[in-house]
Amino acid sequence: MTSETNQEFNFYEDELIDEKIAAQQTAIEKEIANEQKLVGDLIELNTLLNEYLAEDTVYRSKITELSERFRYMRKTRGDGNCFFRAFAFRYFETLMGKPDEINKLKDLVNKFTSDLSQLGYNSFTVDDFKDVFIEELEKLNNTSDIRLLEEIFNNSGSSDYIVVFLRLIVSCYLQNNSDFYLAFLETYQSMKDFCSHEVEPMYRESDHIHIIALTNALEIPVGIIYLDRADQEKATPHNFPDDSNPNIFILYRPGHYDIIYRN
Amino acid sequence: MSFNTRSPAVKRLLKEAQELSQSSELFYAQPLEDNLFEWHFTIRGPPDSDFDGGIYHGRILLPAEYPMKPPSIILLTPSGRFKVNEKICLSISGHHPETWLPSWSIRTALLALIGFMPTLGEGALGSLDYTTDERKALAKKSVSYTCSVCKTQNSEILPELTEKSNEQCAEARELASQIQFKNSKSTEEPKRQSASESEPSGLVRRNITDSDGQSINFANNVNRNENLSHQRTETVRVESTIRQSSRQSLDKILLIILFALSGLFLFLLLRRAYLIVDKEPFSI
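This is a predicted model, so every value here is computed, not measured.

For this particular structure, what's the right way to read the overall build of chain B?
Counting its regular elements, chain B contains 9 helices and 6 strands. Counting across all 284 residues of chain B, residues that qualify as buried make up 49%. Of the contacts formed within chain B by residues at least 6 apart in sequence, a portion of 64% connects residues at least 24 apart. When the accessible surface of chain B is summed, it comes to about 14800 Å², and 55% of that surface belongs to carbon and sulfur atoms.

This is the structure in structure tokens:
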């Protein structure tokens with residue numbers, strides 16, 4: 001009898017733990033949402049010094065050095081979508097007032113949309129995301145008003161839709177190039193499996209493979225600057241692809257991506 | 001109804017309502033007249049299963065963040081597969097709960113639900129493992145269900161099943177292999193229906209390990225505890241009490257029972273050891 005009771009008890013306990021985790025997660029999400037806009041205002045990069053103690057010389061000297069080359073930055077909300085959101089904001093920013101480049105991206109977007117439907121994706125929902133993506137993109141055709149872009153990316157509706165669509169592009173690209181990328185997967189049997197667990201769900205954090213796939217899919221190089229406790233004088237830059245000369249730079253601190261601007 | 005049409009969730013749901021406005025042979029779903037974020041649906045039990053001929057009605061609750069966050073589903077017609085009036089949540093199989101893909105839709109959710117019905121409940125919360133006969137009896141009975149909120153009659157709403165739906169049935173099975181349904185903790189109290197409506201009467205459960213069975217065991221434990229301590233509180237009513245009382249207090253009671261039982265066990269063990277060592281503790 002004891003063991004039976006025990007089993008039942010655990011059964012409910014698991015349930016309770018799930019419930020507590022969910023509640024805690026919601027609380028954390030709320031707190032983060034209150035503290036940080038989806039994409040923050042332009043600030044000086046050396047304000048990051050305030051986040052580290054005076055004794056933390058590794059970080060502080062790296063930040064000081066970095067701020068000489070990258071004066072400004074924008075923080076993004078740490079909700080697991082930060083890489084995609086940071087990339088999208090900065091990419092859209094470079095497209096502002098350039099209808100030719102916007103049209104090129106639109107062609108690419110349509111290509112991926114038809115690829116997705118060939119992969120068996122429900123075109124009803126894919127089109128929903130694509131339409132918002134294109135709609136927001138077209139607003140940038142004849143403007144260089146950064147406030148418009150800030151508005152698009154801080155409205156969770158349009159901002160999240162853009163993130164979903166980029167995730168779908170990455171998923172599509174990985175599935176269509178799985179021969180090459182399959183070698184990078186450790187715990188997943190198939191690329192489809194990996195994409196539906198690690199790429200397509202919102203709030204799932206990005207890894208190298210996401211970055212490589214996105215930059216290859218859109219043919220837009222990105223420079224990631226790694227700022228960590230590694231024993232080096234400078235933050236480590238890494239371009240994707242390796243031999244590229246990117247215009248878009250993203251600062252990586254363990255677990256998080258922010259936008260930075262080269263002088 | 002007037003909506004903030006700038007909200008993507010609203011736009012998306014209006015589109016989905018449009019897409020699903022024609023009833024298919026397998027399912028039909030539409031939003032309530034006064035709330036775009038609550039839908040009512042009717043699904044057909046999959047042919048070649050215990051649910052063949054059954055027609056089941058339920059609610060879909062959509063979060064404000066839809067489609068970034070998943071809808072939850074509440075069944076109202078007893079099926080012997082899912083508990084009625086309990087939120088179930090869908091998530092991709094074999095992983096973290098709450099993994100939902102924004103490219104899924106209400107249609108995906110309902111087809112997956114149909115495909116999921118013949119799978120084993122295996123004691124998962126919110127699941128029921130009734131016998132084939134019980135499920136068949138419920139399937140027959142389900143046709144006469146009429147929803148008190150949206151007035152949908154199960155017998156009227158879906159067109160006759162024909163071969164046209166074979167493909168959709170296959171799609172449902174395929175989706176069910178990717179998506180699973182889990183009971184989720186409801187923040188909203190489900191509308192209680194009368195006992196006779198929500199629970200099939202006169203049916204004996206075969207499998208004591210199903211979730212209802214567990215509720216009964218809990219209730220028994222509670223009763224025993226009361227008898228042991230000679231504290232008489234109000235009668236513990238099986239099932240409905242358990243379901244409605246908060247889990248926390250139930251847990252406390254269980255913890256106390258556990259402690260009491262293990263204490264008793266320890267005492268008996270020590271007493272036994274004492275008896276063996278001393279040979280003649282209490283001479284008769």
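Looking at this structure, how should I read the environment of P118(B)?
Residues and elements named next belong to chain B. With respect to the element layout, P118 can be found in the loop between α2 (106-116) and α3 (132-142). For P118, a relative accessible area of 41% puts it in the partly exposed group. Each C-alpha atom, one on P118 and one on R173, is 9.4 Å from the other, the two residues being 55 residues apart in sequence. The residues contacting P118, other than those within four sequence positions of it, are P46, S49 and F51.

Would you take a moment to explain the UniProt feature "transmembrane region" (unreviewed entry) in chain B for this structure?
With numbering matched to this structure, UniProt assigns "transmembrane region" (unreviewed entry) to residues 253-270 of chain B. Taken end to end, residues 253-270 of chain B is 100% helix and 0% strand, and its two terminal C-alpha atoms sit 26 Å from one another.

How should the sheet that holds strand β1 (residues 43-44) of chain A be read in this particular structure?
Sheet strands pair via backbone hydrogen bonds, and the direction of the pair is either parallel or antiparallel. Residues and elements named next belong to chain A. Pairing within the open sheet is mixed, and its 6 strands lie in the order β1-β2-β6-β5-β3-β4. Only two strands of the sheet have a single neighbouring strand rather than two, namely β1 and β4 (236-240). As defined by bridge partners, strand β3 (residues 222-226) adjoins strand β5 (residues 248-253) across 5 bridges and the pair is classed as parallel. Within the sheet, the bridge partner assigned to I225 lies in β5 and is L251. Running over the sheet, helix α3 (residues 82-95) touches β2 (72-74), β3, β5 and β6 (256-261) and is turned about 20° from β6.

Sorry, what's going on with the UniProt feature "site: Interacts with free ubiquitin" (unreviewed entry) in chain A here?
All names here are of chain A. Residues given the UniProt feature "site: Interacts with free ubiquitin" (unreviewed entry) here are I212, Y226, D228, Y252 and Y257. When you line up the elements, Y252 lands in strand β5. In this structure Y252 comes out as partly exposed when scored by relative accessible area, which is 22%. Those residues in contact with Y252, other than ones at most four positions away along the chain, are I224, I225, Y226, L227 and Y257. Along the polypeptide, Y257 turns up in strand β6. Look at Y257 and you get buried, because its relative accessible area is 6%. If we ignore the near neighbours within four places in the chain, the residues touching Y257 are T76, C82, F83, S206, I211, I224, I250, L251 and Y252.

Sorry, what's going on with the confidence of the model for chain B here?
It should be kept in mind that the predicted coordinates are not to be read in detail where pLDDT is low. Residue and element names in this part refer to chain B. Per-residue confidence for chain B gives a mean pLDDT of 74; residues scoring 70 or more make up 67%. Between residues 185-245, whose pLDDT stays under 50, and residues either more than four places distant or in other chains, the model counts 97 contacts. Here the prediction assigns the complex a pTM of 0.75, and the interface score ipTM is 0.82.

I tried to follow the environment of S105(B) on my own but got confused; where do I start?
Its place among the elements puts S105(B) in the loop between β5 (87-92) and α2. Sequence separation between S105(B) and Q168(B) is 63 residues; the distance between their C-alpha atoms is 15 Å. Setting aside its immediate chain neighbours within four residues, S105(B) contacts N122(A), T125(A), R12(B), E16(B), Y66(B) and W100(B).

Please clarify how the packing of aromatic side chains should be interpreted in this entry.
One pass over the structure, following the stated rule, counts 22 aromatic pairs over all chains. Centre to centre, the rings of Y181(A) and F184(A) are 6.1 Å apart; their planes meet at 40°, and the pair counts as tilted. A residue is classified by how much of its surface remains accessible, and Y181(A), at 3% relative accessible area, is buried. For F184(A), a relative accessible area of 47% corresponds to the partly exposed category. Between Y188(A) and F194(A), the ring centres sit 5.7 Å apart and the planes meet at 75°, which makes this aromatic pair edge-to-face. Like Y188(A), the residue F194(A) is buried in the burial classification. Among the aromatic residues, those joined into a cluster by ring pairs are F83(A), F84(A), F87(A), Y91(A), Y226(A), Y252(A) and Y257(A). Here the guanidinium or amino end of K111(A) rests over the ring plane of F112(A), the centre of that ring lying 4.6 Å away. The ring of F82(B) is capped by R81(B), whose NZ or CZ atom sits 4.7 Å from the centre of that ring.

The rules we used
- Within any chain, residue numbers begin from 1 and follow the written order of that chain's sequence.
- Here the convention is simple: chains get letters from A, ligands get numbers from 1, in the order in which they are written.
- Totals for whole chains, interfaces and linings use all residues, but because this is a predicted model, local features are given only for residues with pLDDT of at least 70 and pairs of side-chain atoms are given and counted only at 80 or more.
- Side-chain metrics in this entry use all non-hydrogen atoms of the structure; hydrogen atoms and water are not considered.
- Counting from the N terminus, the helices are DSSP H or I runs at least four residues long and the strands are E runs at least two residues long.
- Summary of the burial criterion: residues with accessible area below 20% of their type's maximum are buried, those above 50% are exposed, and those between are partly exposed, where the area comes from a 1.4 Å probe applied to protein chains only.
- Working rule for contacts: check all heavy atoms of both residues, and any pair within 4.5 Å makes them a contact.
- Residue burial considers only the protein chains on display, and all accessible areas are found by Shrake-Rupley using a 1.4 Å probe.
- UniProt positions are given in the numbering used here, feature names are shortened, and annotations may be inferred rather than shown by experiment.
- Two strands pair if DSSP finds at least two bridges between them.
- As a rule, the C-alpha atoms of each element are fitted with a line to give its axis, helices using only the stretch in contact, and angles between N-to-C directions run from 0 to 180 degrees.
- Confidence scores per residue from the predictor, reported as pLDDT, run from 0 to 100.
- Pairs were defined over the aromatic rings of Phe, Tyr and Trp, the Trp ring being its six-membered one, requiring ring centres within 6.5 Å. Orientation was assigned from the angle between planes: stacked under 30 degrees, edge-to-face over 60, tilted for the rest.
- Our definition puts a charge over a ring when NZ of Lys or CZ of Arg is within 6 Å of the ring centre and also within 35 degrees of the ring normal.

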